[in-house]
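Below are the chains, spelled out letter by letter.
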Amino acid sequence: MSKKYFLAIPFLIAAGVSLAETSPRDNPTTGTGKGGAVQSAAPGTTSLPDLPMFKFGGFGSLGVSHSSLDQGDYVLSNSMPKGVGRSSEWTESNNTRLAAHVTGNFAPKVSGLLQVDAEYQENGTYNPQVEFVNVKYAFIPNFYMRVGRLAIPTFIDSENHDIGYSFAWVNPPVDLYQLSIHSTDGVDATYRSEIGEAVNSIKAMYGNRSTAKDMWGLFDKLEYGQATFHASYQQRRSSTQNLLTGVTDAWIQNSDLSVGASYDPGDWFAMSEWIQRRSTFKINAMYISTGYRINKFTPYLTYGQIGPGSFLTGYPPPTAAAIERANRAQSTVSLGVRWDFRRNYDFKIQYDQVTLSDNSNGYLINVPPGVILYGSKFHVISAVVDFVF
Amino acid sequence: MFRNSLILPLLVAVATFVASAHAEVVVVVSSKSSVKSLTSEQTTKIFLGKVVTFPNGQTAFPIDQPEGSAIRDEFYSKVVHKNSSQLTAYWAKVIFTGDGRPPKLLADNVAVRKAIAGNPNAIGYIDKSAVNRSVRVVLKP
């Protein structure tokens, strides 16, 4: 076990101490509320209906997209082997998935969840995969730990970024969200507290997966009225195979620092997020988005960009492949509308104009060797139906 | 006499129209509860599961009314500033990330009032016309 695992311990102790000092005792006659734990009422009070032990549900998206560029594939995630453009003029693979979810409440303080997703993945299939599976122990309602496969909340919508129904866009802004590492196998602890009118939630996480070892991070979300602020820091070791940085046969330490804010008073929303990733080079990415709700329609506008990398000192000189990889940069203007056409369903259509930087093919994949698309502009049109059940 | 015979049905008609078209939602707790009043922001946090206690530290059990009911829509649009799609989107995020579950659900104003009357930790929203001495109004949005 890595030493970094233990970095979380002082945090846990501090959280525990502050709970003991400041929280009202958990009332044994009333139990917990958050997390849906089942309570028993005290004598003399009316007992409320119990929640069932298991709750089943799920969500999905059925969509298609089209790209005006046929010399490379546009993808929403770098784990996809093919996208829209060169491999096919129209494809469902960027925008289609189905997920089944079950939550279990096993005891007043113990709950768990399992989520299985079928979506387009590395091997080019839709074979169902265990996306998340974890067990949660709530010491008190505002302090819990989880063990298992966990979502990493790098961005505001990272944990739910597969749930199309949960946001206005067809997909979260790709220039930023393509950088998020979806999940890790490990442990986390979350402490929630009220600071005046605001609610703060801080999470410490440690985990491993095959391409990102010894990941640890701190994630904070502060909600004040209709505003949400988010900040996170995480680091991990990634194999140079994935980074292509000229350093061979090694695991390179890399880190993400991200901040974001959103404001959603009901009739409209605005949000923006930013990240800096450091490996042997550093890159910055950001987006800003706003939308307005008119009855069942939510038109929105987003600008996103991911900038070129600059090499950090202390590493061997980068190879040509590393320079090419670090140079990748692009920006996207997206215009779309969400239509809530019936309960638990939405329909969305989105137009993206993507501009590749002057010295890169951006984040396109499957561009044939020697094809130079520097500075190209192209558009992508996507339509999707999202649902929850 | 003629005048009265016209005015009375008119009044009844107007009153009926007002009562049906403008169900007036109020937020209530048990009359045994020590909570005297709440703001919209405090009520919102309780119903969205962002806090599990009243401002005085007492545990809070929110009780919802059925999806599609007029009183529910009015409560969430007036107090929480979310329509039914926004609320579904919010709970989809919370449920599927394992962060919590929506409030318990009871069938109507009377069922909610009865449950609240008997439980000093409960909080709900009912039509103003359903209020009696067993519950205390803590917010008139």
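Each remark here, short or long, concerns the structure printed above.
Residues numbered from 1 in each chain as written. Chains lettered and ligands numbered in written order. Predicted model: local features only at pLDDT ≥ 70, side-chain atom pairs only at ≥ 80, totals over all residues.

## Re the pairing of strand E7 (residues 129-140) of chain A
Residue and element names in this part refer to chain A.
Part 1 of the argument: By the bridge criterion, 8 bridges tie strand E6 (residues 110-119) to E7 in an arrangement that is antiparallel. Among the inter-strand pairings, Gln115 is bridged to a residue of E7, identified as Phe132.
Part 2 of the argument: Strand direction decides the pairing type here: E7 and strand E8 (residues 143-151), joined by 7 bridges, are antiparallel. Considered in E8, the bridge of Val133 is made with Arg149. (Pairing = 2+ DSSP bridges. Helix = DSSP H or I, 4+ residues; strand = E, 2+ residues; numbered from the N terminus.)

## Things to note about the nonpolar core
Part 1 of the argument: Residues Ala92(B) and Ile116(B) are the most contacted members of the largest nonpolar core, which totals 42 residues.
Part 2 of the argument: Every element with two or more residues in this core is listed here: strand E1 (25-30), helix H2 (40-47), strand E2 (61-64), helix H3 (70-80), helix H4 (84-96), helix H5 (109-117), strand E4 (122-127) and strand E5 (135-139) of chain B.
Part 3 of the argument: Considering every element that reaches this core, the biggest residue donor is H4(B), with 7 residues.
Part 4 of the argument: Once residues lying within four places of it in the same chain are set aside, the contact partners of Ala92(B) are Phe59(A), Ile163(A), Tyr165(A), Ser166(A) and Val388(A).
Part 5 of the argument: If you look at the next biggest cluster of nonpolar residues, it comprises 24 residues, including Leu69(A), Phe155(A), Tyr287(A) and Ala329(A). (Core = buried A, V, L, I, M, F, W, Y, C linked by C-beta atoms within 7 Å. Buried ≥ 20, exposed ≤ 12 C-beta atoms within 10 Å, placed from the backbone. Contact = placed C-beta atoms within 7 Å.)

## Section: the interface of chain A and chain B
Part 1 of the argument: Every contact between the two is made by 40 residues of chain A and, on the other side, 32 residues of chain B.
Part 2 of the argument: Looking at the side of chain A that touches chain B, the elements that each hand over two or more residues are strand E1 (54-67), strand E5 (97-107), E6 and E7 of chain A.

## Examining the sheet that holds E2(B)
All names here are of chain B.
Part 1 of the argument: The 5 strands are arranged E3-E2-E4-E1-E5 in an open sheet whose pairing can be described as mixed. If you trace the sheet from one side to the other, it starts and ends with strand E3 (104-105) and E5, each paired once.
Part 2 of the argument: Note that E1 and E4 share 5 bridges and pair antiparallel. Paired with Val27 across the strands is Tyr125, a residue of E4.

## Focus: H2(B)
Part 1 of the argument: Those residues of H2(B) that fall on the buried side of the exposure criterion are Gln42(B), Thr43(B), Lys45(B), Ile46(B) and Phe47(B).
Part 2 of the argument: On its buried face, H2(B) is in contact with strand E10 (198-209) of chain A together with E1, E2, H3, E4 and E5 of chain B.
Part 3 of the argument: Following H2(B) by one or two positions, Gly49(B) has its phi on the positive side, about 70°.

## Here's the deal with the environment of Pro308(A)
Residue and element names in this part refer to chain A.
Part 1 of the argument: With respect to the secondary-structure elements, Pro308 resides in the loop between strand E16 (297-306) and strand E17 (310-311).
Part 2 of the argument: For Pro308, a count of 16 C-beta atoms within 10 Å translates into the label partly exposed.
Part 3 of the argument: Expressed as a C-alpha distance, the spacing of Pro308 and Trp339, which sit 31 residues apart in the sequence, is 36 Å.
Part 4 of the argument: If sequence neighbours within four positions are ignored, Pro308 has contacts with Ala326, Asn327, Ala329 and Ser357.

## With respect to the environment of Arg133(B)
Residues and elements named next belong to chain B.
Part 1 of the argument: Within the element layout of this structure, Arg133 appears in the loop between E4 and E5.
Part 2 of the argument: On the neighbour-count criterion, Arg133 (7 C-beta atoms within 10 Å) is exposed.
Part 3 of the argument: Arg133 sits 102 residues away from Ser31 along the chain, and the two C-alpha atoms are 7.1 Å apart.

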